[in-house]
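A look at the structure
Here is what each chain is made of, one letter per residue.
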Amino acid sequence: MKIAQVSPLYESCPPRLYGGTERIVYYLTEELIRLGHEVTLFASGDSQTSAVLEAPCAQALRLGEARKDPLIYHITMLHRLRRRAAEFDIIHFHTEYLHFPLFADYADKTLTTLHGRLDPPDLPVIMREFPMLPLVSISAAQQTPLCWANWIGKVLHGLPRDLHRLGSGDGGYLAFLGRIAPEKGPDRAIAIARRAGIPLQIAAKVDPVDRDYFEHTIAPLLQDPLIEFIGEIGENEKGGFLGDAVALLFPIDWPEPFGLVLIEAMANGTPVIAFGCGSVPEIIEDGVTGFIVDDVDAAAAAAPLAKQLDRRAIRKRFEERFTAERMARDYLTLYQRVLLGGTEAVEERVLDDTEAIEPKLLTFAARESLAQAAE
């Protein structure tokens, strides 16, 4: 099959540092090629890929030295792709809704994965304007605000099986990895670590839009000797950072569409302590791969219990549910569905496994018993 993968241009594929969507596009592209398909990747020129690269800009836009208008480069990319549309059997977009007007006439050979939150108030306007375009979500929870849209399935993210190795957790610290933003909860992560009396290491980027939040809310909290701010780290550093952690803290306060860091932690065998927002209950199995909690107090109580979870079992659940190969095969199923003209929802092989894996909600008393048994 000849496939076009169309990435946003804000980060390279894969990103040098932080970046979720472009990282998934990279993993999917490489896995499709490994499975024998011909892939052309539309992405920034500094991308590293086994695919044929079509680059409308030399460098990813976020880390580029010169200030660039992102719309100009994205429109240029989509124009080039439209001129070549006949070359591909399927065109897979990861550019949210930007391509909708140009490719409405190609609905029978396109698929759009929406990677972001879908609750902005104006989003239904454009979704109703282009109901013919088939959509894929990255979790069931993500679909909720637009449950009436043209969903043909969901595909949970996956990582290369050998990207990370089982870690020991011997670093003795809690980890926060991602982005400094109010909805991500770094202030709550600090509160959890303080209450639990366990060191916290924060590896996160600070976007310009969140600079004031960092300087006025987070920076003053970094004076505590329990808290260490590392800054943004790259892919090569993630394994050691997560693998050495006692647990990953994910105290979010927004409808998280997926949360790639959750499965990155699982790939290292690292438990996750997460607030149960958005897709979290679809990914974390409470009492098995981590704990799903409601507030800072419950998270702090769960932190010492995370040490008792079986890290090998967590790694095994990653291998069973969240590999790049599983992700690629699920997308191939949807590609075939599009090409066969199907518009109804697809029952993917593993996409509904959350129905069979109801979170095992341990009571606090049960968690205390677990802790006492370990003493």
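We now turn to the structure provided with this report. (Residues numbered from 1 in each chain as written. Predicted model: local features only at pLDDT ≥ 70, side-chain atom pairs only at ≥ 80, totals over all residues. Heavy atoms only, no water.)

A look at the sheet that holds strand 2 (residues 38–42)
Reading across the sheet, the seven strands line up as 3-2-1-4-5-6-7 and stay open at both edges, with parallel pairing between neighbours. Single-partner strands in this sheet number two, and they are strand 3 (52–54) and strand 7 (151–154). Adjacent strand axes in the sheet meet at a mean angle of 25 degrees, parallel and antiparallel pairs treated alike. Across five bridges, strand 1 (residues 2–6) lies against strand 2 in parallel orientation. The residue of strand 2 that forms the bridge with Val-6 is Phe-42. Packed on one face of the sheet, helix 2 (residues 70–83) meets strand 1, strand 2, strand 3 and strand 4 (90–93) and runs near 165 degrees to strand 1. Of the strands in this sheet, strand 1, strand 4, strand 5 (110–113), strand 6 (135–137) and strand 7 touch helix 12 (residues 324–339), which is tilted by about 135 degrees from strand 5. (Pairing = 2+ DSSP bridges. Helix = DSSP H or I, 4+ residues; strand = E, 2+ residues; numbered from the N terminus. Axes fitted to C-alpha atoms, helices over the stretch in contact; angles between N-to-C directions. Contact = heavy atoms within 4.5 Å.)

Thoughts on the sheet that holds strand 13 (residues 290–293)
Note on sheets: strands pair through backbone hydrogen bonds, and any given pair is parallel or antiparallel. On the basis of which strands lie adjacent, the open sheet formed by six strands has the order 10-9-8-11-12-13 and parallel pairing. Where the open sheet ends on each side, the last strands, each with one partner, are strand 10 (227–229) and strand 13. Within the sheet, the average angular offset between the axes of one strand and its neighbour, ignoring direction, is 20 degrees. Relative to strand 9 (residues 200–205), strand 8 (residues 174–179) runs parallel, the two being bridged by six bridges. Paired with Arg-179 across the two strands is Lys-205, which belongs to strand 9. In the packing of helix 5 (residues 186–196) onto the sheet, contacts are made with strand 8, strand 9, strand 10, strand 11 (247–250) and strand 12 (272–275), and the angle to strand 9 comes to roughly 170 degrees.

Some words on the pattern of salt bridges
Following the criterion strictly, the structure yields 22 salt bridges and no others. Between Glu-235 and Lys-238 there is a salt bridge, with the nearest N and O atoms lying 3.5 Å from each other. Highlighted residues: Glu-235 and Lys-238, both in helix 7 (residues 235–243), separated by three residues, approximately one helical turn. In this structure, Arg-315 engages Glu-319 in a salt bridge whose closest nitrogen and oxygen atoms are separated by 2.9 Å. With a gap of four residues between them, Arg-315 and Glu-319 both fall in helix 11 (residues 311–321), about one helical turn apart. (Salt bridge = Lys/Arg side-chain N within 4 Å of Asp/Glu carboxyl O.)

Things to note about the side chain of Glu-22
Following the sequence through the fold, Glu-22 ends up in helix 1 (residues 21–34). According to the relative accessible area criterion, Glu-22 is buried, its value standing at 5%. A polar contact is formed between the side chain of Glu-22 and the backbone nitrogen of Glu-11, at a distance of 3.3 Å. Not counting chain neighbours up to four residues away, the residues in contact with Glu-22 comprise Ser-7, Pro-8, Tyr-10, Glu-11, Ser-12, Cys-13 and Pro-15. (Buried < 20%, exposed > 50% of the residue type's maximum accessible area, 1.4 Å probe, protein only. Polar contact = N/O pair within 3.5 Å; in protein donor to acceptor, adjacent residues only side chain to side chain.)

So, the packing of aromatic side chains
Scanning the model with the defined rule gives nine aromatic pairs in all. Taken together, a centroid distance of 5.9 Å and an interplanar angle of 35 degrees make the contact between Tyr-173 and Phe-241 tilted. Of this pair, Tyr-173 sits in the loop between strand 7 and strand 8 while Phe-241 sits in helix 7; the two residues are 68 residues apart in sequence, bridging distant segments of the chain. Positioned above the aromatic ring of Trp-148, the side-chain terminus of Arg-128 is 4.2 Å from the ring centre. (Phe/Tyr/Trp six-rings, centres within 6.5 Å; stacked < 30°, edge-to-face > 60°. Lys NZ or Arg CZ within 6 Å of the ring centre and 35° of its normal.)

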